[in-house]
Amino acid sequence: MLRSYRVLAFSLASLASANAAFADPPRSLAASPAKPKQIVLISFDAAREISQWQRSRALAKRTGAHFTYFLSCVFLLSPETRQGYAGPGKAAGKSNVGFGASKQDVADRLEQVRLAAAEGHDIGSHACGHFDGKDWRKADWLAEFASARRIFENAYAINGIPEPAGWRDFAQSALVGFRAPYLSTGKALYEALPEAGFQYDASAVSNGPTVPPTLNGTTRFALPLIPEGPKAKPVVAMDYNLYVRHSAGTEKPAMADAFAERAYQAFRAAFDAEYNGKRLPLELGFHFTLMNDGAYWNALERFAGEVCVMQQVECISFRDYVSRDHGPVPNLGGLATHSESSHVAG
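Residues numbered from 1 in each chain as written. Predicted model: local features only at pLDDT ≥ 70, side-chain atom pairs only at ≥ 80, totals over all residues. Heavy atoms only, no water.

We now examine the packing of aromatic side chains. Applying the stated criterion to the full structure yields 30 aromatic pairs. Relative to Tyr275, the ring of Phe271 has its centre 5.4 Å away and its plane inclined at 20°; by these criteria the two rings are stacked. Of this pair, Phe271 and Tyr275 both sit in helix α9 (residues 256-275), 4 residues apart, roughly one helical turn. Over the aromatic face of Phe198 sits the side chain of Arg149, whose NZ or CZ is 4.6 Å from the ring centroid. The side chain of Arg279 reaches across the aromatic face of Tyr275, ending 4.1 Å from its centre. (Phe/Tyr/Trp six-rings, centres within 6.5 Å; stacked < 30°, edge-to-face > 60°. Helix = DSSP H or I, 4+ residues; strand = E, 2+ residues; numbered from the N terminus. Lys NZ or Arg CZ within 6 Å of the ring centre and 35° of its normal.)

The next thing to look at is the state of the cysteines. Per the counting criterion, the structure on display carries 2 disulfides. The disulfide that involves Cys73 links it to Cys128, with 1.9 Å between the sulfurs. In this structure the cystine formed by Cys73 and Cys128 twists about its S-S bond by roughly 105°; its chirality is therefore right-handed. Remark: Cys128 occurs in the loop between β3 (122-125) and α4 (138-153) and Cys73 occurs in the loop between β2 (68-71) and α3 (103-118); sequence separation between them is 55 residues. Judged on exposure class, the residue Cys73 and its partner Cys128 are both buried. Shown here is the disulfide that connects Cys308 with Cys315, its sulfur atoms set 2.0 Å apart. Across the S-S bond of Cys308 and Cys315 the torsion is about -90°, and the bridge reads as left-handed. (Disulfide = S-S within 2.5 Å. Buried < 20%, exposed > 50% of the residue type's maximum accessible area, 1.4 Å probe, protein only.)

For the rest of this paragraph, the subject is the pairing of β2. Covered by surrounding structure in β2 are Thr68 and Phe70 together with Tyr69 and Leu71, the residues of both alternating faces. Inspection of the sheet shows strand β1 (residues 38-46) paired to β2 by 4 bridges, in the parallel sense. The residue of β2 that forms the bridge with Asp45 is Phe70. Where β2 and β3 come together, 4 bridges link them in parallel fashion. Considered in β3, the bridge of Phe70 is made with Gly124. (Pairing = 2+ DSSP bridges.)

Moving on: helix α10 (residues 295-307). For α10, which comprises 13 residues, the first-to-last C-alpha distance of 19 Å matches the rise-based estimate of 18 Å (1.5 Å per residue) to within 8%. Ala295, Tyr296, Trp297, Ala299, Leu300, Phe303, Ala304 and Val307 are the residues of α10 that are buried. Next to the buried residues of α10 lie β1, α2 (50-63), α8 (239-247), α9, β9 (282-287) and β10 (313-316). (Expected span 1.5 Å × (residues − 1). Contact = heavy atoms within 4.5 Å.)

In this section: the pattern of salt bridges. Under the counting rule described, the total for this entry stands at 18 salt bridges. When the shortest N-O distance is used, the salt bridge between Lys61 and Glu119 registers 3.6 Å. In this pair, Lys61 sits in helix α2 while Glu119 sits in the loop between α3 and β3, placing the two residues 58 residues apart along the sequence. Here the salt bridges share partners, and the residues they tie into one network are Arg55, Arg62 and Glu301. (Salt bridge = Lys/Arg side-chain N within 4 Å of Asp/Glu carboxyl O.)

A word on the pairing of strand β8 (residues 233-236). Note: strand β7 (residues 218-228) against β8, 4 bridges, orientation antiparallel. Among the inter-strand pairings, Pro227 is bridged to a residue of β8, identified as Pro234.

A few words on unusual backbone geometry. One non-glycine residue with positive phi stands out, namely Asn216, at about 55°. By the element assignment, Asn216 lies in the loop between β6 (214-215) and β7. Classification of Asn216 by relative accessible area gives exposed; the value is 64%. The phi angle at Ala248 is positive, at roughly 55°, despite the residue not being glycine. Summarising the element assignment, Ala248 is placed in the loop between α8 and α9.

Okay, structure coming up:
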């Protein structure tokens, strides 16, 4: 009788041990940690044409995306007020990209800036005259930054346009990010950025998607090289670089559909590699110019329409990204609105 009891007790103990093993599987069988959401950072340089402001904002509304607009401040000066800007070592009223077409054109652009900011988009600085600053001193960069801030904050008054309520408070805290014209950088720029109060810079180029480092208080984003075309040759993930790759920087409208397909496939392949891999942030850069009959904007709209709506994807601005590390960055607040280089880029 005693022996039978011992056998039963041993059997129950063995069963309990087995159940415990099933309830607590070996580490190798445990579920792997959930992946972070895939971040996509889409930006626009110069931000001139009103129709492209409207088109990009409409794309954002369809997809839930937030974009960054790197504004050249000369587009907030009319032909009558252009003398109010002088770039480092340049005569007053000079610019590599022109100025606003008219007082009304400037007013319309300011309205688009206000609407975009109210919708949660990021307004960054692309300096003013779109000059190549690779040889500038720190003092030159600081002077250019000061011009950009002064013109942005006082744009309504400079042009004799009635200033809406709340503009001044918004404008004084809006420009937290910068992208250099032509992606032309150097030691002097990186010394000037934190002194000028910029939280991030988006002027670099990297060999592929990467997590942006923060150095001396400035988060440094980089446009990645991504494989493109039949030979998967790397190209900077920016429309202008694709334009040069596809048609040597000249318009070939008859090839627009083919170029749009190549651009889309490059964007999608770069995205898929990260989405199915490490999920490093993916950056894509564009201009308001419709190169090759709008091929690259067509590719962008197709791409964003597919990926920005995915549950595991966030298409956000640079400001959104930085605010997660440094806390909220001032936004539009109560501003009233109406209804409505070495890489040859930038």
